[in-house]
Protein chains: 2
Amino acid sequence: MNAPLNGRTQQYHHGDLRRALLDHAAAAISESGVAKVSLREIARRAGVSHAAPTHHFGSREGLLTALAAQGFHALADLMHNAHEQTADFAEMGVAYVQFALSHPAHFEVMFQPHLHQGDDPALRAAQQRAGELLYGAPTLPGTGTRDAGIAAWSLVHGFATLWLSNALPAEQDTPPEQRARQAIRAFLDGRSEGSLAANDD
Amino acid sequence: MNAPLNGRTQQYHHGDLRRALLDHAAAAISESGVAKVSLREIARRAGVSHAAPTHHFGSREGLLTALAAQGFHALADLMHNAHEQTADFAEMGVAYVQFALSHPAHFEVMFQPHLHQGDDPALRAAQQRAGELLYGAPTLPGTGTRDAGIAAWSLVHGFATLWLSNALPAEQDTPPEQRARQAIRAFLDGRSEGSLAANDD
DNA sequence: TACGGCATCTTGCCAATGTCAAGATTCGGC
DNA sequence: GCCGAATCTTGACATTGGCAAGATGCCGTA
């Protein structure tokens, strides 16, 4: 077959089909939710045959597992950068919320273990990396750091989940980051001033 | 056909098939997750034909919508009772977590709007009832109550979600309610003493 | 350059699922 | 006692995930 040299339109070997499939999957999921997205629709979007995704990911679970792993790595990267740029605990939380809102498909898949094949080593590794960054970086001195860390993560995770679920009461003209900031401040208000920042390394 | 008078085993009219289907659906979902549960399996569990669920709920979305509405009502009831029994803010949060952990299937379906038919009036009503109880009852005086309410709900909701996602670091022999209590206390520590309780009516 | 192994992708197929239409069975009101 | 309506079943169809077998193109080796 005449393979176009630009490497785009129609060719048997796609070049980077795996990444393309993950991208299309994320787009489709953020539009319709995981439940309504089929492997075949993802294949259609990518312009390949219906069995191509199965070859790359083994199964639908496999694709969602890969998507979750990708999400945990992206989250870890983001938290890493955020921790380098600021030691402000509130801003780290805002960064977490921003990740969730800008990657809704990944976020949706990441925290639904039923969608994963739990023994996947890549997912396990990505989860662990993100977990260490989430627990290592933000701690609120003055209390049991473990519990405070869990509480902090719960707060921002819950806010993101509720926002994405459309569960929060409507409030016009207030962007989500600002509402998240306000909620986190409500969390921090009343604390002693010195404990606001994350511990530097 | 010989209809047994005890009203159980085999009869054309089940009696309360709708409720039975919801029960079986909740059980199946809590075992395998929403994604892997089919209408036909629910029908099989209930011992009826594969099209019986569709008759009662119109579609798979319809069944999940009904399940979500049932969940919001149960949550509203629980919060109502909790608010009558205690004014302790922390214990209200623990009650919220307990609901999520004891009704994982409902909780899983309640906060995934993609699974619902959004215009369902019963779901809308149940959501609003639960929402009013969640926002009316727990307020932390001393800050903008709206933001504090959002933060509080986010905290307990996030904890429940993370726990159900198996995302929290393992800690042997510590039951989830206690860990939730610890996390909430970490939230409250450092606040002025008087603002711990919910406002009485 | 020729060639052989191999990863990539396609085609064809099957069982299972959600949904619909038509029929069977039973309940409730008159 | 009877008729309409609600409940549930049977049968069918398009779609889906997964598998097997084949087609296609890439890459290293001689």
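See the structure shown above.
This structure is a prediction, so every number in the text was calculated from the model and none was measured. Here the residue index of a chain counts from 1 through its sequence in written order. Following the order in which they are written, the chains are lettered starting with A and the ligands numbered starting with 1. A pLDDT threshold of at least 70 governs which residues receive local features in this predicted model, and a stricter bar of 80 or more applies before side-chain atom pairs are shown or counted, although totals over entire chains, interfaces and linings include all residues. Note that water and hydrogens are dropped before the side-chain values are worked out from all heavy atoms of the structure.

Participant: Which parts of the structure should I look at to understand the relation of the copies chain A and chain B?
Facilitator: A rotation about an axis combined with a shift along that same axis relates the two copies of the chain. All copies are superposed by least squares; the fitting set is the C-alpha atoms of residues with a pLDDT of at least 70 in both. Turning chain A through 180 degrees and shifting it by 0.0 Å along the axis lays it on chain B, with an RMSD of 0.0 Å. On the angle and the small slide along the axis, the relation comes out as a two-fold axis.

Participant: I'm lost on unusual backbone geometry in this one. Help?
Facilitator: If a residue is not glycine, its phi is most likely negative; likewise, a peptide bond is most likely trans. The phi dihedral of Asn166 of chain A is positive, around 60 degrees, even though this residue is not glycine. Summarising the element assignment, Asn166 of chain A is placed in the loop between helix 8 (145-164) and helix 9 (176-188). Helix and strand assignments come from DSSP, with helices taken as H or I runs of at least 4 residues and strands as E runs of at least 2, each series counted from the N terminus.

Participant: What's the story with the packing of aromatic side chains in this structure? I'm lost.
Facilitator: Residue and element names in this part refer to chain B. Stacked, tilted and edge-to-face pairs are distinguished by plane angle, under 30 degrees for stacked and over 60 for edge-to-face with tilted covering the rest, among Phe, Tyr and Trp rings (Trp via its six-membered ring) whose centres lie within 6.5 Å. Counted under the stated rule, the structure contains eight aromatic pairs over all chains. Judged by centre distance (6.3 Å) and plane angle (85 degrees), the rings of Tyr96 and Phe107 are edge-to-face. Pair noted here: Tyr96 is in helix 5 (residues 89-102) and Phe107 is in helix 6 (residues 104-110), with a separation of 11 residues, a long-range link. The same class applies to Tyr96 and to Phe107, which are both buried. Throughout this description, buried means an accessible area under 20% of the type-specific maximum (1.4 Å probe, protein chains only), exposed means over 50%, and partly exposed covers the range between.

Participant: Could you clarify how one ought to interpret the interface of chain A and chain B in this entry?
Facilitator: By a frequent convention, interface size equals the accessible area lost on bringing the separate parts together. Only heavy atoms enter the contact rule, under which two residues are in contact if any of them lie within 4.5 Å. Every contact between the two is made by 42 residues of chain A and, on the other side, 41 residues of chain B. Once two parts are brought into contact, the accessible area they lose, counted with a 1.4 Å probe and summed over both, makes up the buried area. Carbon and sulfur atoms supply 61% of the area buried between chain A and chain B, which totals about 3400 Å² over both sides. Throughout this description, the term salt bridge denotes a Lys or Arg side-chain nitrogen within 4 Å of a carboxyl oxygen of Asp or Glu. For the salt bridge of Lys36 of chain A with Glu61 of chain B, the shortest nitrogen-to-oxygen distance reads 2.7 Å. N or O atoms closer than or at 3.5 Å make up a polar contact, with two conditions inside protein: a donor-capable atom paired with an acceptor-capable one, and, for residues adjacent in sequence, both atoms drawn from side chains. Counting the contacts that link chain A with chain B gives nine residue pairs in polar contact (both at pLDDT 80 or more). Mapped onto the side of chain A that touches chain B, the elements with two or more residues apiece are helix 1 (17-32), helix 8 and helix 9 of chain A. Top contributing element to the side of chain A that touches chain B by residue count: helix 8 of chain A, with 13 residues. Following the grouping adopted for this structure description, the nonpolar residues are Ala, Val, Leu, Ile, Met, Phe, Trp, Tyr, Cys and Pro, the charged ones are Asp, Glu, Lys and Arg, and the polar ones are all others, Gly among them. Here the residues of the side of chain A that touches chain B sort into 19 nonpolar, 13 polar and 10 charged.

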